[in-house]
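Take a look at the letters that make up each chain.
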Amino acid sequence: MSKWNLIIDVAECHNCHNCVVAAKDELVGNHFPRYSAPHPAQGQGAIRIERHVRGRGHHLDTAYLPRMCQHCDDAPCVKAAGGAVSKRADGIVLFDPEACRGRRDLTQVCPYGAVIWNEELQLPQTWFFDAHLLDAGWREPRCVTVCPTRALQAVRIDDAAMAERARAEGLRTLHPEAGTRPRVYYRHLARIDGVFVAGSVVDAGAAECVEGAQVELLRDGRAVAQARTDAFGDFRIDGLSPDSGAYQLVARHELQGSARRQVQVGPHSAVLGDIALEP
Ligand code: SF4
Ligand code: SF4
């Protein structure tokens, strides 16, 4: 049976907040019996955008991570709710707006911080995939329809096909160690949880930046990643695991020479500064 999944491309999210506003517009002040009581106008919404900054100086990378209910297949909220939260056959997790009343404890069991608390109605609430619209014939939730970069994509396919797509496209889920089997998949998640090595290649006199130099990152003598410097002599090798340890970096240009550096990759991205080539 086909089920709903959401695919989010972190590299395409530009922090415009259209999805956040669309979710608020849909849910604040509107009552959808059996699906949702009105969400609060103030405070964090059911969809939020997290900002992540890596690097420093002009080697700075800012990425945005849309977060919402992950519609987990093995959801702690469903287990804790005693029937007040249900998993639909199409994969969507729904908090019953009547049965959940007073269940503030459900805001604590979600490993994704995806449950907001409606103080006025004494209700835990989530982004429920706009199930009321999908059930009325919509082809995708509102947040997807308003995303100008198509960073959000709702996909209804069977689990085997989704698993194959995730494998083929390098999609990952948040906090897989929680064991909740989320249905929200992320592309380019390394922009959030990976680190990079960056620097600038300059000539021997450190007077000019060197465009087109090849930069290789080696481990135990074997190249594991490479990049080429841009018009400013800058390079960035991204997607490394934090705390992955010692590497050797080799920069080469056919006319300007080469240079080597030892690099220690710790918990944060490493910005090496200028690397001067020697003839
Ligand atoms: S609408 Fe799209 S680009 Fe804008 S914040 Fe949401 S996910 Fe990012
Ligand atoms: S993200 Fe949280 S609220 Fe949503 S299904 Fe998973 S555990 Fe439940």
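Just so you know, the residues in each chain are numbered from 1, in the order the chain's sequence is written. Chain labels run from A onward and ligand labels from 1 onward, assigned in the order the entries are written. Predicted model: local features are reported for residues with pLDDT of at least 70 only, side-chain atom pairs are reported and counted for 80 or more only, and whole-chain, interface and lining totals are derived from all residues.

A. Spatial organisation of the nonpolar core. To form a nonpolar core, buried Ala, Val, Leu, Ile, Met, Phe, Trp, Tyr and Cys residues must be joined through C-beta atoms within 7 Å. Three exposure classes are used. Buried residues have 20 or more other C-beta atoms within 10 Å of their own C-beta, exposed residues have 12 or fewer, and partly exposed residues fall in between, all C-beta atoms being placed from the backbone. Within the largest apolar cluster, 49 residues are counted, with the highest numbers of intra-cluster contacts made by Ala23, Cys77, Val85 and Val93. Helix numbers and strand numbers start at the N terminus; a helix is a DSSP run of H or I with at least 4 residues, a strand a run of E with at least 2. Those elements that place two or more of their residues in this core are strand S1 (3–9), helix H1 (18–27), helix H2 (76–81), strand S5 (93–95), helix H4 (142–146) and strand S9 (184–187). The element that contributes the greatest number of residues to this core is H1, accounting for five residues. In contact with Cys77, not counting residues within four places along its chain, are Val85, Val93, Leu106, Val109, Cys110 and Val115. Listed in part, the 20 residues of the second largest apolar core include Val195, Ala213, Ala251 and Val265. By the criterion used throughout, residues are in contact when their C-beta atoms, derived from the backbone, lie within 7 Å.

B. Examining H1 more closely. Listing the buried residues of H1 in full gives Cys19, Val20, Ala22, Ala23, Glu26 and Leu27. Along the axis of H1, the buried positions cluster into a sector of 165°, meaning they face one direction only. Close packing links the buried residues of H1 with strand S2 (48–56), strand S3 (59–67), H4 and strand S8 (152–157). Phi for Gly29, located one or two positions after H1, is positive at around 80°. Taking the helix axis as origin, the arc is that swept by the directions to the C-beta atoms.

C. Highlighting the site of ligand 1. Surveying the vicinity of ligand 1 reveals 15 residues, the closest of which are Cys13, Cys16, Asn18, Cys19 and Cys147. Counting residues per element, the ones that place at least two in the shell around ligand 1 are H1 and S3. Residues were grouped as follows: Ala, Val, Leu, Ile, Met, Phe, Trp, Tyr, Cys and Pro as nonpolar; Asp, Glu, Lys and Arg as charged; and all remaining residues, including Gly, as polar. Taken together, the residues that form the shell around ligand 1 break down as 10 nonpolar, five polar and no charged. Contact assignment follows one rule, namely that a residue is near a molecule or strand if its backbone-placed C-beta atom lies within 6 Å of it.

D. A look at the domain arrangement of the chain. Marked domain ranges trace back to an automatic or database domain assignment. What the domain assignment reports for the chain is domain 1 (3–192) and domain 2 (195–276). Look at where the C-alpha atoms of domain 1 and domain 2 centre, and you get two points 38 Å apart. In this assembly, six residues from domain 1 lie in contact with eight residues from domain 2. Here the side of domain 1 that touches domain 2 takes three residues from S2, the largest share from any one element. Within the side of domain 1 that touches domain 2, the residues separate by chemical class into one nonpolar, three polar and two charged.

E. Just the environment of His14, in detail. Following the sequence through the fold, His14 ends up in the loop between S1 and H1. Sequence separation between His14 and Asp159 is 145 residues, and the spatial gap between their C-alpha atoms is 29 Å.

F. Region of interest: the sheet that holds S8. Strand pairing is assigned whenever DSSP identifies at least 2 bridges connecting the two strands. Taken in spatial order, the three strands line up as S8-S1-S9 in an open sheet, and their pairing is mixed. Both outer strands of the open sheet, S8 and S9, are each paired with one neighbouring strand and no more. Strand-to-strand twist of the sheet, defined as the mean angle between neighbouring strand axes without regard to direction, takes the value 25°. Bridging between S1 and S8 involves six bridges; their strand directions are antiparallel. Residue pairing for S8: Lys3 is matched across the bridge by Ile157. Here an angle of 0 to 180 degrees is reported between the N-to-C directions of two axes, which are lines fitted to C-alpha atoms, with helices fitted over the stretch in contact.

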